[in-house]
Amino acid sequence: MALIELLNGKYKTISIVGMSKNSGKTVTLNHLIGEAYDAGIPIGITSTGRDGEAVDVVTETEKPRIFVEEGTLVATATEMLPLGDANVEIINVTEYRTPMGPIVIGRIRDSGYVQIAGPQTVKETREVSNLMLNLGAEFVIIDGAQDRRSSAAPSVSEATILSTGAVLSRDMNKVIEETIHIVNLFSLPSIEDKNLREIIGNLMEQNQIAIVDKELNITPIKIKTALNAGHIIGDHLKDESRYVVIPGSLVKNTVEDIIRSTRRYKNVDLVVTDGTKIFIEPKDWLKFMRYGINVKVLHPINLIGLTINPYAPQGYYFEPKNFLEKMKGYISTIPVMDLMLGGE
């Protein structure tokens, strides 16, 4: 299966998110760039961090570089331009600033390697993507930075491809467990009732932690963050409570404190903005599910595919076909691909 078939003309912005460095995100990006070029589809590329360097600036390990074809649009900081060998024609100097210079949009005149450092905020990433779409890109790929799963958030992109790999652990089962966990978080059910969505959306915008009951009455809780405040949330729960709105991150200790402070948590849904806001380890998550914790999201993430990398930079690897078959055995809701092995 071609990677580009996942997009199927349905999405204008696609983020590629790696579960860690060296999980195969750049291979996925290059593959998609190549397929778009072969299909004659003009695209744009930007990043929520920095990518494309031959050696990782943090880990000092070698990594794939980003190869762009002629006609591709690229949004990057000015200091990145001399670091690649592609010939880039600047067509727009944006108002967005970064520590590596202003963000410019260029069109590739001669194919080659580029380094990308994109805008610094979600809003700027969205606006730069729209600029490239207006300049003729059929879709824009947003390269997600390491450990910033937020680039998968629906506020950034319409669809997400997740990259995972052996780099996460020498134990294949642990890699699969962690990957299933992220796929599950990205696939959490959303709030569907229109009136309820509007109420919760407004509370999220105001950064207001609150409880909403079955009659849609709102009880604000006077705390700035849910961190270390699960017991306060628990103390506010009543028999008629149905939703706990948590605008920020949901972490282990918040959930533990809610469970300790009340039995009423079983009647409510904890609501977060989207799956990127949850920072709970797989084993703890499964434990909370067994306890009867329910979590929903305001904005679901549209996860359309998973790419896997059986090789780790530390020198160990998983047998590729075995790794692919095992992963596909556990994750059947989306296509799972090893792009180097070929075939879905």
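Below, the structure is looked at part by part. (Residues numbered from 1 in each chain as written. Predicted model: local features only at pLDDT ≥ 70, side-chain atom pairs only at ≥ 80, totals over all residues. Heavy atoms only, no water.)

1. A few points about the sheet that holds strand 13 (residues 218–220)
Two strands in a sheet stick together by hydrogen bonds in their backbones, pointing the same way (parallel) or opposite ways (antiparallel).
Okay, so step 1: With mixed pairing, five strands are arranged side by side in an open sheet as 13-12-14-16-18. Only two strands of the sheet have a single partner each, and these edge strands are strand 13 and strand 18 (294–297). The mean angle between the axes of side-by-side strands here comes to 25°, regardless of whether they run parallel or antiparallel.
Okay, so step 2: In this sheet, strand 16 (residues 269–272) lies alongside strand 14 (residues 241–245) in parallel orientation, the contact comprising three bridges. Within the sheet, the bridge partner assigned to Val245 lies in strand 16 and is Val271. (Pairing = 2+ DSSP bridges. Helix = DSSP H or I, 4+ residues; strand = E, 2+ residues; numbered from the N terminus. Axes fitted to C-alpha atoms, helices over the stretch in contact; angles between N-to-C directions.)

2. A word on the environment of Ile221
Okay, so step 1: Tracing the backbone through its elements, the reader meets Ile221 in the loop between strand 13 and helix 5 (230–236).
Okay, so step 2: By relative accessible area, Ile221 is classed as buried at 1%.
Okay, so step 3: Along the chain, Ile221 and Pro99 lie 122 residues apart, while their C-alpha atoms are 38 Å from each other.
Okay, so step 4: Ile221 has contacts with Gln208, Ile209, Ala210, Ile211, Ile232, Ile233 and His236, leaving out every residue within four places of it along the chain. (Buried < 20%, exposed > 50% of the residue type's maximum accessible area, 1.4 Å probe, protein only. Contact = heavy atoms within 4.5 Å.)

3. Regarding the sheet that holds strand 10 (residues 139–143)
Okay, so step 1: Here we have nine strands laid out as an open sheet, ordered 6-7-5-2-10-1-11-19-20, and mixed in their pairing. Only two strands of the sheet have a single neighbouring strand rather than two, namely strand 6 (87–98) and strand 20 (336–337).
Okay, so step 2: Seen against the sheet, helix 2 (residues 122–134) touches strand 1 (13–18), strand 2 (43–47), strand 5 (73–77), strand 6, strand 7 (101–110) and strand 10 and runs at an angle of roughly 145° to strand 10.
Okay, so step 3: Sheet contacts for helix 3 (residues 172–186): strand 11 (159–165) and strand 19 (303–309); angle to strand 11, the most-contacted strand, approximately 165°.

4. Looking at empty space enclosed by the protein
Okay, so step 1: In this structure the tally under the stated criterion is one cavity of 30 Å³ or more.
Okay, so step 2: Here the largest cavity is characterised by a volume of approximately 60 Å³.
Okay, so step 3: If you go around the largest cavity, the residues you meet are Val74, Thr76, Met80, Leu81, Gly84, Ala86, Val88, Ile108, Tyr113, Val114 and Gln115.
Okay, so step 4: In terms of residue class, the lining of the largest cavity is built from eight nonpolar, three polar and no charged. (1 Å grid on protein atoms, 1.4 Å probe; cavity = no way out; pocket = protein on both sides within 12 Å on 5 of 7 lines; lining within 4 Å. Points joined across faces, edges and corners; volume = space filled by probe spheres on them. Nonpolar A, V, L, I, M, F, W, Y, C, P; charged D, E, K, R; others polar.)

5. Quick notes on helix 2
Okay, so step 1: Along its 13 residues, helix 2 runs 19 Å from first to last C-alpha, staying within 8% of the 18 Å computed at 1.5 Å per residue.
Okay, so step 2: Along helix 2, the residues classified as buried are Glu124, Thr125, Val128, Ser129, Met132 and Leu133.
Okay, so step 3: Packing partners of the buried residues in helix 2 comprise strand 1, strand 2, strand 5, strand 6, strand 7 and strand 10.
Okay, so step 4: Gly136 lies just past helix 2 and shows a positive phi near 115°. (Expected span 1.5 Å × (residues − 1).)

6. Thoughts on the nonpolar core
Okay, so step 1: Grouped together as the largest cluster of nonpolar side chains are 50 residues, with contacts concentrated most on Leu162, Leu250, Leu270, Ile278 and Val295.
Okay, so step 2: The set of elements that each furnish at least two residues to this core consists of helix 3, helix 6 (252–261), strand 16, helix 7 (282–291), strand 18, strand 19 and helix 8 (320–330).
Okay, so step 3: Per-element accounting of this core gives the leading share, seven residues, to helix 3.
Okay, so step 4: Each residue touching Leu162, except ones within four places of it in the same chain, is listed here: Val17, Met19, Ile182, Val183, Phe186, Leu303, Gly305, Leu306 and Thr307.
Okay, so step 5: Grouped together as the second largest cluster of nonpolar side chains are 27 residues, Ala36, Ile45, Val68 and Ile304 included. (Core = buried A, V, L, I, M, F, W, Y, C linked by side-chain atoms within 4.5 Å.)

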